[in-house]
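Chain residues, written in single-letter form:
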Amino acid sequence: MPVPSPASSPSIFRQHLRTQWLTLLAAWLILALAGIVFLFEDRKGVYLREQERLEKQSEVIHGYVEQQLVRVQRVLLAMRSEWTHGQAHRDRLHREAALASINHHLYSLTEHVDAIQVMHVVDKQGVVQASSAPELIGRPFPAFQQYQAALADGQRDTLYVITPYRNLLGQHAQAFAMTLFDVQGQPDGLVVASITPHNAQALFNAMRYTPDMLVAIVHGNGDLFVTTPASMRQQRANLLEPD
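Residues numbered from 1 in each chain as written. Predicted model: local features only at pLDDT ≥ 70, side-chain atom pairs only at ≥ 80, totals over all residues. Heavy atoms only, no water.

Asks: Describe the pattern of salt bridges, listing the residues and the values that go with them.
Replies: Tallied over the full model, the rule gives 1 salt bridge. Ionic pairing is found between Glu52 and Lys56, a salt bridge with its closest N-O pair at 3.7 Å. One end of the pair is Glu52 and the other is Lys56, both in helix α1 (residues 9–87) and 4 residues apart, which spans about a single turn. The class of Glu52 is partly exposed, set by a relative accessible area of 43%. (Salt bridge = Lys/Arg side-chain N within 4 Å of Asp/Glu carboxyl O. Helix = DSSP H or I, 4+ residues; strand = E, 2+ residues; numbered from the N terminus. Buried < 20%, exposed > 50% of the residue type's maximum accessible area, 1.4 Å probe, protein only.)

What follows is the structure, encoded as structure tokens:
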């Protein structure tokens, strides 16, 4: 049996040691790559789960907003019909009785339709002619200039959405309006429903599953209407404006 010469033994030892280190290094690299792949897949899974959860919550918000818009539009259509019928009575006595009835009906609607805080009938000069809060009759409607397009268009079935504003009761609100028409079919004013964010905030609070989660409804121009937590709107009123 051949015996390695003493001169060749160190070389064989160094080669064997190098092989062991390379094997160990390869094993560590494979383990590190496996860990990276695992973390990536785990993070991807978390992202997909969060995306799916947010999509479901967006569907809930969409359904809520759609339901509220349908309810508000139905109320506005009914009030427009009632106002037009009342205006058809030319004598003052019948008009005053019709106006009192409309004011009472407006108040009743705000009591029974949770989303609506206050309702008005506004003439084409922007002055409140009837209201669920009669003390507001005769006052100018805030931001009426934003509804000039509604009067100019004269679209009978369009629901107009005003940017979030401070209503006549001093509340942060969102207003919706439909155009009124006189007996000749010409635009003659607006019937307006103002809603406040309280009901939506209760829903949004229930949807938040982490303390750092933000939920909001934003107008097309970037103005925030409903935000949860509410302090978000105090920090930033418009998402499209630079910080």
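We are not done yet, so read on.
Asks: Lay out the side chain of Asp123 in plain terms, naming residues and giving numbers.
Replies: Following the sequence through the fold, Asp123 ends up in strand β1 (residues 116–123). In this structure, Asp123 is buried with no salt-bridge partner, the nearest side chain bearing the opposite charge being Lys124 at 9.0 Å. A polar side-chain atom of Asp123 sits 2.9 Å from the main-chain amide nitrogen of Gln125. Here Val127 takes part through its backbone nitrogen, which lies 2.9 Å from a polar atom of the side chain of Asp123. Not counting the four nearest positions on each side in its chain, Asp123 is found in contact with Gln129, Phe144, Asp188 and Gly189. (Lys, Arg positive; Asp, Glu negative; His and termini not counted. Polar contact = N/O pair within 3.5 Å; in protein donor to acceptor, adjacent residues only side chain to side chain. Contact = heavy atoms within 4.5 Å.)

Asks: Describe the packing of aromatic side chains, listing the residues and the values that go with them.
Replies: Throughout the structure, instances matching the rule amount to 0 aromatic pairs. The ring centre of Phe181 lies 4.1 Å from the NZ or CZ of Arg156, which sits over that ring. (Phe/Tyr/Trp six-rings, centres within 6.5 Å; stacked < 30°, edge-to-face > 60°. Lys NZ or Arg CZ within 6 Å of the ring centre and 35° of its normal.)

Asks: Residue-level account of a nonpolar patch on the surface, with values.
Replies: Taken together, the side chains of Trp21, Leu24, Trp28 and Leu31 present a nonpolar region at the surface, about 500 Å² in accessible area. When you line up the elements, Trp28 lands in helix α1. (Patch = residues over 30% accessible without salt bridge, like charges linked within 9 Å, V, L, I, M, F, W, Y side chains within 5 Å. Areas by Shrake-Rupley, 256 points an atom, 1.4 Å probe, with all protein chains shown as cover.)

Asks: Explain the nonpolar core to me, using residue names and the numbers behind them.
Replies: Within the largest apolar cluster, 29 residues are counted, with the highest numbers of intra-cluster contacts made by Leu76, Ile116, Met119 and Val191. Only α1, α2 (92–112), β1, β5 (172–181), β6 (187–195), α4 (198–207) and β8 (224–228) provide two or more residues apiece to this core. Of the residues forming this core, the biggest block, 7 residues, is contributed by α1. Apart from the residues within four sequence positions on either side, Val191 is in contact with Leu76, Met79, Arg80, Met119, His120, Val121, Phe176, Ala177, Met178 and Leu180. Phe144, Leu168, Ala173 and Ala177 belong to the second-largest nonpolar core, a separate cluster that totals 20 residues. (Core = buried A, V, L, I, M, F, W, Y, C linked by side-chain atoms within 4.5 Å.)

Asks: Let's hear about the layout of surface pockets: which residues, and what values?
Replies: As a volume, the largest pocket reaches approximately 310 Å³. Along the wall of the largest pocket there are 18 residues; nearest its centre are Val65, Phe176, Ile195, Ile217 and Phe225. Contributing elements (two or more residues each) for the lining of the largest pocket: α1, β5, α4 and β7 (215–218). Top contributing element to the lining of the largest pocket by residue count: α1, with 5 residues. (1 Å grid on protein atoms, 1.4 Å probe; cavity = no way out; pocket = protein on both sides within 12 Å on 5 of 7 lines; lining within 4 Å. Points joined across faces, edges and corners; volume = space filled by probe spheres on them.)

Asks: Tell me what's going on with the side chain of Thr179, and back it up with residues and numbers.
Replies: Mapped onto the elements, Thr179 comes out in strand β5. The class for Thr179 is buried, based on a relative accessible area of 0%. Aside from chain neighbours lying at most four places away, what touches Thr179 is Arg80, Ala150, Leu151, Gln155, Tyr160, Pro187, Gly189 and Leu190.

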